[in-house]
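Close look at the chain arrangement
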Amino acid sequence: MISGRLFRPFQWLGKLTPAAITSVYLFSSLCWILIATFTMDRLLAGRPELRALAETVFELLGVFSMGLIVYILISISQARHRASEARIREQAARDGLTTLFNRQAFDEFLLQSVEYAKRHRETFALLFLDLDRFKVINDRRGHFVGDLLLQEVGRRLTETCARRGEDVVARVGGDEFAVLLRQSEAPEGPSVVAQRILDSLAEPYMLDGNAINTSASLGIALYPADSDEAMQLFKMADIALNQAKQQGRSTFCFYGGEWREERDQRLYLEQGLLRAITHGELFLVYQPKLDTGAMRVIGVEALVRWNHPHLGVLGALSFVPLAEKAGLIWTLTEWVLKAACRQAGEWYRDAGLDINVAVNMSPSVFGHPDLEQAIQTALHDGGLPPDRLTLEITEESLMIYEAESLEVLERLHRMGINVQIDDFGTGYSSLASLKHYHFQALKIDKSFVRDVVTSSDDAAIATTIMFMAKCLDMEAIAEGVESEAQKEFLASIDCRFMQGYYFARPLAASEVTAYIARLGVQKKPD
Ligand code: C2E
Ligand code: MG
Ligand code: MG
């Protein structure tokens, strides 16, 4: 091997090209022949006894030195080969964009770490994180800025973990990153490192002239407390990450014991969901929306429930997000649309009630090619005029989908269907998109309504949304109204449309008719 001390003087040869190496070889052979000829012909011309000896010495030295040169050249070529192999291996282990390790390499590290930790009775933590709302940034600012953001995140992660020496940082998916923390390197514990990572990623970014704010959510799984199997640890860190997201993002969570139960429950629910949709375990409840000026019901919001055979009645939040994950949200939405239109059609035809019914639409259904068709079929089958149907969409829907997918909103508006922005104020929507599409109303999110009497910030937000709706020629509906004081405040800022437990909880279809009858209601025009 050329790395030995003996050959260190020849290291420079390693930089030569094959042609240069051949030239060195030929040149040194030529020099040797010239030295030998010169010595024989000039120095030993008259001394035949020494000449025979010199010839033997030259021949031996020649064979030896040529052998040495050939050996050096072969060693150089082998060293080069090894170096290029190592380079190729290194490149294959790296992510092209961030130069961090890629998923494949990380899986390999994880397997090795499990083996090592088993042998040395060590513990380690697997941190799995992803950026909050990366898709929105990517769609809004373009892929170039998205790429710059990922590179910067990679740099910050490396910087945060680099001082710890042996931590392995990898990009394991689009906006997903993983860090492997060895216990010996993490005396302060994974939670401190996790918080440091989140703080560093939450710092503002300046990318190609764009000021960008983002944050990350992070899940932690521990070896061997959570699992002693590499891929299982990854799954657990992923579950912990989802938990962190549900807790409001920009936070971290451990995969803990109590979660195992929750995960089992999630799997259990996910498995039963398709059966629930197809076997009639779902039903709708309807929460009235009121015009508090005239104290009359202007419509109802359909909210889905699951009458689970073993767990009883489940609220929307315990299974709608699961339906999204399990790819069942479209089937669920189609079912809700049909059931809501059928019910409203019945009220309209049979009880003569002029009730508008609202259906919640998850962002992911906006990309579905059959959306318009499904709405038309539901209206047709239910015998409901299109202007008695409202779709409640969130601001996220406006952000996620490209303009073409949202053109459907324009066509639905032309059909006479109302669209309202639900949970307004909790997401990001541009004034341009609010103006561009014809939204009938903004629903002030219940998180602002809750403290509207006690928090001047929430009061200011509610007042601003009212003002904004007025300027944009839309209505505003306050949701989650639970008290007289909230109602009074909202009335004082000219918000007359309200919904909440104060007026009515979500009701069964038969209770809606009774509720409306109690209030004294609008009949459909004859
Ligand atoms: P949302 O559309 O904002 O619905 C309002 C939620 O607030 C409902 O919860 C309702 O029961 C609750 N609520 C109403 N008044 C009050 C109040 O005064 N105080 C409080 N604290 N809460 C109140 P629910 O039914 O559990 O639904 C939660 C979310 O699940 C809904 O939020 C909606 O985003 C989603 N969801 C419900 N049904 C469906 C559905 O059929 N399809 C889809 N895609 N999502 C649905
Ligand atoms: Mg809603
Ligand atoms: Mg809402």
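In this text the structure is predicted, and so the values were computed from the model without any measurement.

This brings us to the state of the cysteines. Under the counting rule described, the total for this entry stands at zero disulfides. The thiol of Cys161 is not disulfide-bonded; the next cysteine sulfur, from Cys253, is found 19 Å away. By relative accessible area, Cys161 is classed as buried at 1%. When its relative accessible area of 5% is taken as the criterion, Cys253 is described as buried.

Our next topic: the packing of aromatic side chains. Taken as a whole, this structure holds nine aromatic pairs when the rule is applied. Their ring planes at 80 degrees and their centres at 5.6 Å tell us that Trp306 and Phe319 sit as a pair that is edge-to-face. In this pair, Trp306 sits in strand S9 (residues 296-308) while Phe319 sits in the loop between strand S10 (312-314) and helix H9 (320-325), placing the two residues 13 residues apart along the sequence. Grouping residues by exposure puts Trp306 and Phe319 together as buried. With a centroid separation of 5.0 Å and an interplanar angle of 80 degrees, the aromatic rings of Tyr502 and Phe503 are classed as edge-to-face.

For the rest of this paragraph, the subject is the domain arrangement of the protein chain. For the protein chain, the domain assignment lists domain 1 (2-93), domain 2 (103-257) and domain 3 (280-519). Relative to domain 3, the C-alpha centre of domain 2 lies at a distance of 37 Å. For the pair domain 2 and domain 3, the summed buried area comes to about 660 Å², and 53% of that belongs to carbon and sulfur atoms. Three residues stand out in domain 2 for area buried against domain 3, namely Arg133, Val136 and Arg140, and they jointly supply 60% of the buried area on that side.

Time to look at unusual backbone geometry. Going from Tyr223 to Pro224, the amide bond is cis rather than trans, its omega being 0 degrees. By secondary structure assignment, the location of Pro224 is in the loop between strand S6 (216-223) and helix H7 (230-246). We note that Arg133 has phi near 60 degrees; this positive angle belongs to a residue other than glycine. Turning to its location among the elements, Arg133 is positioned in the loop between strand S1 (124-131) and helix H4 (134-141). Judged by its relative accessible area of 28%, Arg133 is partly exposed. One non-glycine residue, Met295, adopts positive backbone phi at about 50 degrees. Judged by its relative accessible area of 32%, Met295 falls in the partly exposed class.

Now for the site of ligand 1. In the neighbourhood of ligand 1, 22 residues make up the surrounding shell, with Arg305, Asn360, Asp422, Glu482 and Tyr501 lying closest. Take Arg305: an N or O atom from its side chain is 2.9 Å from an oxygen atom of ligand 1. Here ligand 1 has 800 Å² of accessible area as a free molecule, and 85% of this is covered by the chains. Looking at the shell around ligand 1, the elements that each hand over two or more residues are S9 and strand S13 (418-424). Here the shell around ligand 1 gets four residues from one element, more than from any other, and that element is S9.

Let us look at the coordination of the magnesium ion (ligand 2). Within the protein, the atoms that donate to the magnesium ion (ligand 2) are Glu301 (OE), Asn360 (OD1), Glu392 (OE) and Asp422 (OD), at distances of 2.0 to 2.2 Å. Each donor residue of the magnesium ion (ligand 2) lies on the same chain, and together they follow the pattern E-x58-N-x31-E-x29-D. The metal-metal distance between the magnesium ion (ligand 2) and the magnesium ion (ligand 3) is 4.1 Å, with Asp422 serving as a donor to both. With Glu392 in strand S12 (residues 389-394) and Asp422 in strand S13, this pair connects stretches of sequence that are 30 residues apart. Overall, the relative accessible area of 1% leaves Glu392 in the buried class.

Listed as protein donors to the magnesium ion (ligand 3) are Asp422 (OD), Asp423 (OD), Glu479 (OE) and Glu479 (OE); their distances from the metal cover 2.0 to 2.4 Å. Written as a sequence motif, the donor residues of the magnesium ion (ligand 3) are D-D-x55-E. Judged by its relative accessible area of 23%, Asp423 falls in the partly exposed class. Take Glu479: its relative accessible area is 8%, and that puts it in the buried class.

Packing of helix H10 (residues 329-349) against helix H11 (residues 371-382) brings their axes to within 8 Å, and their N-to-C directions diverge by 30 degrees. The orientation of H10 with respect to H11, classified from their angle, is roughly parallel. Relative to H11, the crossing made by H10 is right-handed. Across from Trp330, Glu334, Leu337, Lys338, Cys341, Arg342, Gly345 and Arg349 in H10, the residues of H11 making contact are Leu371, Ala374, Ile375, Ala378, Leu379, Asp381 and Gly382.

It is worth spelling out the pairing of S9 at this point. Within S9, 10 of the 13 residues are buried, which leaves the element mostly enclosed by the surrounding structure. Examined bridge by bridge, strand S8 (residues 282-291) and S9 share 10 bridges and lie antiparallel to one another. Looking at the pairing, Tyr286 lines up with Ala302 of S9. The turn linking S8 back onto S9 is made up of four residues, and Met295 within it adopts a positive phi angle of 50 degrees. Pairing between S9 and strand S11 (residues 356-361): four bridges, direction parallel. Residue pairing in the sheet places Gly299 in a bridge with Asn356 of S11.

Listed in full, the buried residues belonging to helix H18 (residues 509-519) are Ala509, Val512, Tyr515 and Ile516. One side of H18 carries all its buried residues, which in axial view fall inside an arc of 105 degrees. Of the residues in H18, the exposed ones pointing more than 90 degrees away from the buried face are Ser510, Ala517 and Arg518.

Rules behind the numbers
- Residues numbered from 1 in each chain as written.
- Chains lettered and ligands numbered in written order.
- Predicted model: local features only at pLDDT ≥ 70, side-chain atom pairs only at ≥ 80, totals over all residues.
- Heavy atoms only, no water.
- Disulfide = S-S within 2.5 Å.
- Buried < 20%, exposed > 50% of the residue type's maximum accessible area, 1.4 Å probe, protein only.
- Phe/Tyr/Trp six-rings, centres within 6.5 Å; stacked < 30°, edge-to-face > 60°.
- Helix = DSSP H or I, 4+ residues; strand = E, 2+ residues; numbered from the N terminus.
- Domains from an automatic or database assignment.
- Buried area = accessible area lost by both parts, 1.4 Å probe.
- Near = heavy atom within 4 Å.
- Polar contact = N/O pair within 3.5 Å; in protein donor to acceptor, adjacent residues only side chain to side chain.
- Areas by Shrake-Rupley, 256 points an atom, 1.4 Å probe, with all protein chains shown as cover.
- Donors = N, O, S within 2.8 Å, 3.2 Å for Na, K, Ca; no water.
- Axes fitted to C-alpha atoms, helices over the stretch in contact; angles between N-to-C directions.
- Parallel < 35°, antiparallel > 145°, perpendicular 65-115°, else oblique.
- Left-handed = near helix turned anticlockwise from the far one by under 90°.
- Contact = heavy atoms within 4.5 Å.
- Pairing = 2+ DSSP bridges.
- Arc of directions from axis to C-beta.

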